[in-house]
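Survey of secondary and tertiary structure
Here is what each chain is made of, one letter per residue.
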Amino acid sequence: MEIQQTLKLMVHHHNRGKENNTPKLKWRKIFTLQRSPPSSKPIQTPPPEEFICPISGNLMADPVIVSSGHSFERASVQSCKDLNFTPQLSDGTTPDFSTVIPNLALKSAISKWCHASSTLLPQPPHRSLTDNLVRTLIFSSSSRKNNANELVGERMLTANPSCSSSSSSVESIATSASSSTPPAQLTAKPSFCYSSPSSSELEPTTPEAEEFISKLRSNQVFLIEESLQNLRKLTRTNEDSRITLCTQRMLSSLRGLVASKYKMVQVNAVACVVNLSLEKTNKVRIVRSGLVPPLIEALRVGSSEAQEHASGALFSLALEDDNKTAIGVLGALPPLIHALRVGTERTRHDSALALYHLSMVQSNRTKLVKIGSVPVLVGMVKSGQMTGRVLMILGNLGCGPDGRAAMLDVGMVECLVGLLAGSESVHGSIKESCVAVLYVLSHGGLRFKALAKAAGVVEALEKAEKEVGSQRAKEKARRVFEMMKGKEEEEEEDVDWEELLDSGLGSRSHNQHDGEFGGLNGTTSSSEF
């Protein structure tokens, strides 16, 4: 089209006269017509690395956090689980897809970035696309293993020509190489992505924070130890520093150090997490950064000092309601129960507080019952170990029908009556806790009435009602007392109490009272323990 326009102009000017038909004028007009205006397209800003799914390589529409602390697109995780494929990330780690919870903070950060950069919000990918992508990764993994086998065989033949006549030797070597070859690493744009509440590029930072991060990422252990000690000292008392230093980059640096094999590096790193978690605004950010799994690991296998700090960190994070379910899902409950039994005094204290606040959520109460914590906790009460704190946890567990049934099965009523009718050496707060637990157990139906009648609950409550100090405890004792002594017309019915004692059906009725354990089912600060 441009050539045709040029030719027309040349003919037009030729007809007008020779004075306007000089070669210089022709080329000037050709250049003017062919020149196009400069492009005005805006430069697209690439999304932050943590917003990209490590499997699909695309901006995440529905990010989820898995048990290992990584974040992925939900559809990618589901495809990997359906196809029984576990990818290896470029840093050498492999994700754990056993549990998946929504990463709402990361989703909100992605939405804000899209709005700020005038980028369309991402849409969840179709499952067929992610399935095909995962199949491609599986095929790539198999191809790499085959190539590795061939390479090993060629090297062995080159190094020892006599082996060329024995194919079985090469095959055995190739087979062993194949078994030791790790899964294929992902080749998507990001290497890996832990959950993040916001982009590190968008976060405000300070020279002080950059200096800490630079030293924490150093290859020299003494620099890391020095930086951790200074960070621990600064965040112990300076509230402003806790807020300004709790950035995604700082938490990412601490995450690796919490899992360090160097004892003092791990201890100081976990202590820094404890200090940062003291600020309410930091609690959700820390959980979403993927620090809970390494904290749980430190509680399981760390040194005694690291276990003390790890239990304290989990307790501090559990104070935030938005964290309770996530901490339970990520597997903190069994290590906390174990630490409650065998840890140091400080570890047991903070583990009890963490379990108390985590057990305010029904999902965590169900998990605690399923892992067999009720017999362990009741056994601790009977042996006099941390009786007051353990009773508070049992009070929460008794708010659910499965918890009540488990407590009735292991003789909790008799244990509580023994404490209430015991000597005056039993502290008044412990007796108040016993009354509170009896109150939640009283919703267990006819089986509780049978057990309570056999154990002498009425007599014990009459004595306890005079000794307990708080009005709330007196009210609960009165309600249990009235339930046991009142409604005698119902008692006159022909009930086989012996058969009822042997059955577990009565405790599974009246589950509508889960929220009536007022003192234990609400948010309580640690000072109340």
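Residues numbered from 1 in each chain as written. Predicted model: local features only at pLDDT ≥ 70, side-chain atom pairs only at ≥ 80, totals over all residues. Heavy atoms only, no water.

Identification of the protein chain as RING-type E3 ubiquitin transferase from Arachis hypogaea is taken from an unreviewed UniProt entry. Database annotation for the protein chain, UniProt heading Function (unreviewed entry): "Functions as an E3 ubiquitin ligase." Heading Catalytic activity (unreviewed entry) of the UniProt record for the protein chain holds this comment: "S-ubiquitinyl-[E2 ubiquitin-conjugating enzyme]-L-cysteine + [acceptor protein]-L-lysine = [E2 ubiquitin-conjugating enzyme]-L-cysteine + N(6)-ubiquitinyl-[acceptor protein]-L-lysine." (UniProt positions renumbered as here; feature names shortened; annotations may be inferred.)

Per the secondary structure count, the protein chain includes 29 helices and 3 strands. Contacts spanning at least 24 positions in sequence make up 73% of the contacts within the protein chain whose residues lie at least 6 apart. Accessible surface computed for the protein chain: about 26,700 Å², of which carbon and sulfur atoms make up 53%. (Helix = DSSP H or I, 4+ residues; strand = E, 2+ residues; numbered from the N terminus. Contact = heavy atoms within 4.5 Å. Areas by Shrake-Rupley, 256 points an atom, 1.4 Å probe, with all protein chains shown as cover.)

On to the confidence of the model for the protein chain, then. Counting all residues, the mean pLDDT for the protein chain is 75, and 69% of those residues have values of 70 or more. Summarising per-element confidence for the protein chain, the mean pLDDT is lowest in helix H6 (residues 167–180) (34) and highest in helix H14 (residues 304–318) (96). Here residues 29–36 scores under 50 on pLDDT; set against residues more than four positions off or in separate chains, the count is 6 contacts. Below pLDDT 50 for its whole length, residues 504–529 participates in 70 contacts with residues either more than four positions away or in separate chains. (pLDDT = per-residue confidence, 0-100.)

On to the state of the cysteines, then. According to the stated counting rule, one finds 0 disulfides in the structure shown. The thiol of Cys 53 is unpaired, and the distance to the nearest cysteine sulfur, on Cys 80, comes to 8.2 Å. Classification of Cys 53 by relative accessible area gives buried; the value is 0%. (Disulfide = S-S within 2.5 Å. Buried < 20%, exposed > 50% of the residue type's maximum accessible area, 1.4 Å probe, protein only.)

Another point: unusual backbone geometry. The phi angle at Asn 84 is positive, at roughly 55°, despite the residue not being glycine. Positionally, Asn 84 belongs in the loop between helix H3 (74–82) and strand E3 (100–102). Look at Asn 84 and you get exposed, because its relative accessible area is 73%. If you check the backbone angles, Ser 118 has positive phi at about 55° while not being a glycine.

Here the focus is the sheet that holds strand E2 (residues 71–73). With antiparallel pairing, the 3 strands of this open sheet are ordered in space as E2-E1-E3. Only two strands of the sheet have a single partner each, and these edge strands are E2 and E3. Looking at each pair of strands side by side, their axes are set apart by 40° on average, direction ignored. The pairing of strand E1 (residues 63–66) with E3 spans 3 bridges and is antiparallel. Bridge assignment links Val 64 to a residue of E3, and that residue is Pro 102. The sheet contacts of H3 involve E1, E2 and E3, and relative to E2 the element is tilted by about 90°. (Pairing = 2+ DSSP bridges. Axes fitted to C-alpha atoms, helices over the stretch in contact; angles between N-to-C directions.)

We now examine the UniProt feature "repeat: ARM" (unreviewed entry) in the protein chain. In the numbering used here, UniProt assigns the "repeat: ARM" (unreviewed entry) feature to residues 290–327. Structurally, residues 290–327 comprises 84% helix and 0% strand, and the distance from its first C-alpha atom to its last is 11 Å.

This next bit is on the packing of helix H11 (residues 263–277) against helix H12 (residues 280–288). Pairs of packed helices are described in terms of their axes, by the angle between the two and the distance that separates them. At a minimum axis separation of 8 Å, H11 and H12 run at an interaxial angle of 135°. Looking at the two axes, H11 sits oblique to H12. On H12, the residues touching Val 273, Leu 276 and Ser 277 of H11 are Asn 282, Lys 283 and Ile 286. (Parallel < 35°, antiparallel > 145°, perpendicular 65-115°, else oblique.)

Where side chains of opposite charge bring their charged atoms close, a pairing between them can arise. Enumeration according to the criterion identifies 12 salt bridges in this entry. The salt bridge involving Arg 127 is made with Asp 82; its shortest N-O contact spans 2.5 Å. One end of the pair, Arg 127, is in helix H5 (residues 127–159); the other, Asp 82, is in helix H3, and 45 residues separate them in sequence. Between Arg 447 and Asp 409 there is a salt bridge, with the nearest N and O atoms lying 2.8 Å from each other. One end of the pair, Arg 447, is in helix H24 (residues 446–455); the other, Asp 409, is in helix H21 (residues 401–409), and 38 residues separate them in sequence. (Salt bridge = Lys/Arg side-chain N within 4 Å of Asp/Glu carboxyl O.)

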